[in-house]
Amino acid sequence: MTSTPTPDAARPPDGLAVVLGGTGGVGAALVAQLQAQGVEVLALGRRTQPALDYTGEASVAACAQHVADRLAQSGLPLQRLIVATGFLHGHTASGQRAEPERSWQHLNTDALQHSFLINAIGPALVMRHFLPLLPTQGRCVAAFLSARVGSIGDNRLGGWYGYRASKAALNQLVHTAAIELARRNRQALCVALHPGTVDTALSQPFAKTGLEVRPPATAAQELLQVIDTLPEGSNGGFFDHHGTSVPW
Ligand SMILES: NC(=O)c1ccc[n+]([C@@H]2O[C@H](COP(=O)([O-])OP(=O)(O)OC[C@H]3O[C@@H](n4cnc5c(N)ncnc54)[C@H](OP(=O)(O)O)[C@@H]3O)[C@@H](O)[C@H]2O)c1
């Protein structure tokens, strides 16, 4: 006699999962993990069609419309929205190089503007265009990848001004959006997540010995476990990859 597998009680029924920045280090691993679980997943990034690029709001709106069309065609609810975009170092929108600041002497307008654009303003535009696509009933999760270094209470080392400040701004945006989201669906969750230190292009130049650097696949597995088991009352919170609260 064959037995029907018992569904994992903690896991929500699968709808569509959308990973923004699904072509980045952690984002691509999240997409692969969701696909391996048999979840229907849509990955959007700067090189996908349509492209998601925070340097233009129209691209965020076009991606949201693409997702809305997919939801309408498939009849699936948007169960998981994961925002895995972020910027720590590299070229800014104006083509200049930006590195994390070690001192206030390194602060400059261009790098700060770009950090805020990618880490806070872009995700805010995602809130505007994507959160209305979440179902108005039943459990669904919007998870924004933040960083523990965005915690003001946990900042003991200093440095990395732009990244820290823009992630702190993201955390405030997430908490604020969570309050609004709860008014339309009391079971919806909007959270900020710290993925831990993960071996990606973002962290690679700064991976110090002694720091626990994990492969993207491990981080993705842990993050999805957290996303799928966040308890009631988690809305608006900031959690690490073990599901432990991070101080603001
Ligand atoms: N890696 C770590 O150790 C670590 C630690 C703490 C927090 N985090 C956070 O985890 C998240 C994922 O980071 P990661 O390590 O996967 O970094 P990553 O490999 O560098 O990926 C960054 C992502 O951001 C996207 N992005 C960059 N500029 C963009 C723009 N103008 N418009 C839209 N998207 C843009 C990239 O898009 P493309 O794919 O199109 O290039 C990519 O998908 C970030 O929020 C990061 O701050 C990472």
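Heads up: the structure comes first, above all this text.
Residues numbered from 1 in each chain as written. Predicted model: local features only at pLDDT ≥ 70, side-chain atom pairs only at ≥ 80, totals over all residues.

Novice: Any chance you could break down the environment of Thr92 for me, citing the residues and the numbers?
Specialist: By the secondary structure assignment, Thr92 is in the loop between β4 (90-91) and β5 (97-98). By C-beta crowding, Thr92 is classed as partly exposed, having 19 other C-beta atoms within 10 Å. Taking the C-alpha atoms as reference, Thr92 lies 8.3 Å from Ser115; in sequence the two are 23 residues apart. (Helix = DSSP H or I, 4+ residues; strand = E, 2+ residues; numbered from the N terminus. Buried ≥ 20, exposed ≤ 12 C-beta atoms within 10 Å, placed from the backbone.)

Novice: How would you explain the environment of Leu112 if you had to name every residue and give the values?
Specialist: Here Leu112 shows up in helix α3 (residues 109-130). By C-beta crowding, Leu112 is classed as partly exposed, having 18 other C-beta atoms within 10 Å. Along the backbone, Leu112 and Pro100 are twelve residues apart, and their C-alpha atoms lie at a distance of 9.8 Å. Discounting residues that sit within four places of it in the chain, Leu112 has contacts with Leu107 and Gly162. (Contact = placed C-beta atoms within 7 Å.)

Novice: Can you explain the site of the ligand? Please cite residues and give values.
Specialist: The environment of the ligand is formed by 29 residues, the closest being Gly21, Gly24, Gly25, Arg46 and Gly86. At the level of elements, α1 (25-36) and α3 are the ones that each hand at least two residues to the shell around the ligand. With three residues, the top contributor of residues to the shell around the ligand is α1. Tallied by class, the residues present in the shell around the ligand amount to twelve nonpolar, 14 polar and three charged. (Near = placed C-beta within 6 Å. Nonpolar A, V, L, I, M, F, W, Y, C, P; charged D, E, K, R; others polar.)

Novice: Please provide a residue-by-residue account of the packing of helix α2 (residues 57-74) against α3, values included.
Specialist: The interhelical angle for the contact between α2 and α3, taken along N-to-C directions, is 40°, at an axis separation of 9 Å. As for how α2 packs across α3, the hand of that crossing is right-handed. On the side of α2, the interface is formed by Glu57, Val60, Ala61, Ala64 and Val67, while α3 contributes Leu125, Val126, His129 and Phe130. The class makeup of the residues in the contact of α2 with α3 is seven nonpolar, one polar and one charged. (Axes fitted to C-alpha atoms, helices over the stretch in contact; angles between N-to-C directions. Left-handed = near helix turned anticlockwise from the far one by under 90°.)

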